[in-house]
Every structure is written in C-alpha cells, then in structure tokens.
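A look at the structure
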Amino acid sequence: MRICVYPGSFDPITCGHMDIIERIVDMFDRVVIGVLQNREKQPLFSLDERLGYIRRCTPGYENVEVEAFDGLLVDFARAKNALYIVRGLRAVSDFEFEFQMASMNKKLYPEAETIFLMTNTKYSFLSSSMVREVGRWGGCLRGLVPGEILPDLMKRLKNSL
Ligand code: COA
C-alpha cells in the first residue's frame, strides 16, 4: 500500500494546497494530511480550526485522513507507515528550504522519499499569510481559498482584527 504524508501548517488551507491534494489522491492509496501543531510559528487559527477547515474541503476523498502532529515529521510519517512525504513547490525561492528539509528527513528516515509537485502556476503567488492579510482587511478571498470554507473564513478573519 502506498501511503504518503502531506505535511504543513495549513494556517489556513488554500486553493494551492487543494491543488496538491486533488492530484495526490490518485497517486497514493492513502493520503495523510499532517497538520503541524507549530509552537514556533504561532498560528492565527487554532489547531481544531485548521483541522476542521481541511476536513470540510476533503469530504469526498475516501483515502484522505487529516491528523495533527507535533515533533518530527519523520516520526509522524513512520507512525503512519508512510514511505512518501509530499511537498508543493511554488517558486525557486521555495527550493532551498525544501532541499534542506528533504535532506534532513532523508538522513533521519532513509527509507522515505520526498516527492515534490509543482504547484499550479495559478497559485504560485499564494500563501496562507497572504490569505490572512487580505482577509483581515476585508478583501475578497474567492478563488484563493476553497469555496466550502470561503464565507466562514472571511468572517473569521475580519473578526481577527
Ligand atoms: N500553494 C500555495 N501555497 C503553499 C502551498 C501550495 N501548494 N504549499 C505551501 N504553501 C505555503 C503555505 O501557505 C505557507 O505560507 P505561509 O508561510 O505564508 O504561512 C508556506 O507555503 C509554507 O507552508 P507549509 O507548507 O505549511 O510549510 P511550513 O513551513 O509551515 O511547515 C513542515 C513545514 C510542517 C513540513 C515542517 O515545518 C516540519 O516538518 N516540521 C516538523 C519538525 C521537523 O520534522 N523538522 C525537521 C525537518 S528538517
């Protein structure tokens, strides 16, 4: 069984993340979306909110599960029996960090492979922090975050000021 982990902060999930998820559901038997609890980055959305938003965007996928993790990604991947770690690349600027991370993960968990997918160029400018910034000031997030969560997310972000 081919199992992958797709990790991230998802603060919040965007159309760019969904683009990757929609493509990997057909590539793997099981996709585990790992949401980092993230003490360093201090997320705007609580862990439960981030998990809830992702679950609302992925109900039709039987092979997708959404779970929180803390600590090392490789430990989470091992616990899930995942031999693949999926990351999206938006631009060359993502490469250096991703290269370091993939190399470290390879050292810690040699059996696992990191697979990079190019994010659709429609979303190469997109990031969760931009979504937070635009939403906070009442800008429209249509086409940037999945339609299932758009109204709630816009309301929630406006209230975060
Ligand atoms: N489309 C659009 N934007 C995307 C995207 C896509 N396909 N994929 C990622 N992004 C954006 C995110 O929105 C996020 O934006 P932000 O910085 O404005 O919030 C940014 O890219 C990076 O986000 P993400 O992919 O969630 O990565 P991260 O840096 O928050 O977390 C982990 C990366 C979770 C994989 C990494 O921190 C980790 O593994 N941590 C666990 C500890 C560990 O094992 N460390 C050792 C590894 S070296």
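For the structure, check the block above.
Let me sum up the structure you'll find in this document. (Residues numbered from 1 in each chain as written. Predicted model: local features only at pLDDT ≥ 70, side-chain atom pairs only at ≥ 80, totals over all residues. Heavy atoms only, no water.)

Structural notes on unusual backbone geometry
Omega for the peptide link from Asp 11 to Pro 12 comes to 5°, which places this bond in the cis form. Looking at where Pro 12 falls in the secondary structure, it is placed in the loop between strand E1 (3-8) and helix H1 (15-24). A positive phi angle, near 50°, is found at Phe 10, a position not held by glycine. The residue Phe 10 is located in the loop between E1 and H1 in this model. Positive phi is not limited to glycine here, since Asn 81 has a value of about 60°. A relative accessible area of 57% places Asn 81 in the exposed class. (Helix = DSSP H or I, 4+ residues; strand = E, 2+ residues; numbered from the N terminus. Buried < 20%, exposed > 50% of the residue type's maximum accessible area, 1.4 Å probe, protein only.)

Observations regarding the packing of aromatic side chains
In the structure shown here, the tally under the stated rule is five aromatic pairs. Look at Phe 69 and Phe 76: their rings are 4.8 Å apart centre to centre, the planes differ by 15°, and that puts the pair in the stacked class. On the accessibility criterion, Phe 69 (7% relative accessible area) is buried. Their ring planes at 25° and their centres at 5.6 Å tell us that Phe 95 and Phe 99 sit as a pair that is stacked. In this pair, Phe 95 and Phe 99 both sit in helix H4 (residues 92-108), four residues apart, roughly one turn of the helix. (Phe/Tyr/Trp six-rings, centres within 6.5 Å; stacked < 30°, edge-to-face > 60°.)

Brief notes about a nonpolar patch on the surface
Together, Leu 72, Met 104 and Leu 108 make up a nonpolar patch on the protein surface, roughly 270 Å² of accessible area in all. For Leu 108, the location among the structural elements is in helix H4. (Patch = residues over 30% accessible without salt bridge, like charges linked within 9 Å, V, L, I, M, F, W, Y side chains within 5 Å. Areas by Shrake-Rupley, 256 points an atom, 1.4 Å probe, with all protein chains shown as cover. Salt bridge = Lys/Arg side-chain N within 4 Å of Asp/Glu carboxyl O.)

Section: the state of the cysteines
In a disulfide, the sulfur atoms of two cysteines are held together by a covalent bond. Under the definition given, this model contains zero disulfides. Free cysteine Cys 4: the closest other cysteine sulfur is in Cys 57, separated by 17 Å. Cysteine Cys 15 remains unbridged, with the sulfur of Cys 57 as its closest cysteine sulfur at 8.4 Å. (Disulfide = S-S within 2.5 Å.)

Focus: helix H2 (residues 47-57)
Turning to H2, its buried residues number three or more, namely Leu 47, Arg 50, Leu 51, Tyr 53, Ile 54 and Cys 57. Relative to the axis of H2, the buried residues are bounded by an arc of 160° and lie together on one face. Close packing links the buried residues of H2 with H1, strand E2 (30-36), strand E3 (64-69) and helix H6 (150-158). (Arc of directions from axis to C-beta. Contact = heavy atoms within 4.5 Å.)

A closer look at the site of the ligand
Around the ligand sit 24 residues, and of these Ser 9, Lys 41, Leu 73, Ser 128 and Ser 129 come closest. The backbone of Leu 73 places a nitrogen or oxygen atom 2.8 Å from an oxygen atom of the ligand. Contact with the protein chains covers 82% of the free accessible surface of the ligand, which is 950 Å². The set of elements that each furnish at least two residues to the shell around the ligand consists of E1, H1, H4 and helix H5 (128-136). Considering every element that reaches the shell around the ligand, the biggest residue donor is H4, with four residues. Of the residues assigned to the shell around the ligand, the class counts are 10 nonpolar, 10 polar and four charged. (Near = heavy atom within 4 Å. Polar contact = N/O pair within 3.5 Å; in protein donor to acceptor, adjacent residues only side chain to side chain. Nonpolar A, V, L, I, M, F, W, Y, C, P; charged D, E, K, R; others polar.)

Coordinates in, geometry out; function isn't part of it.
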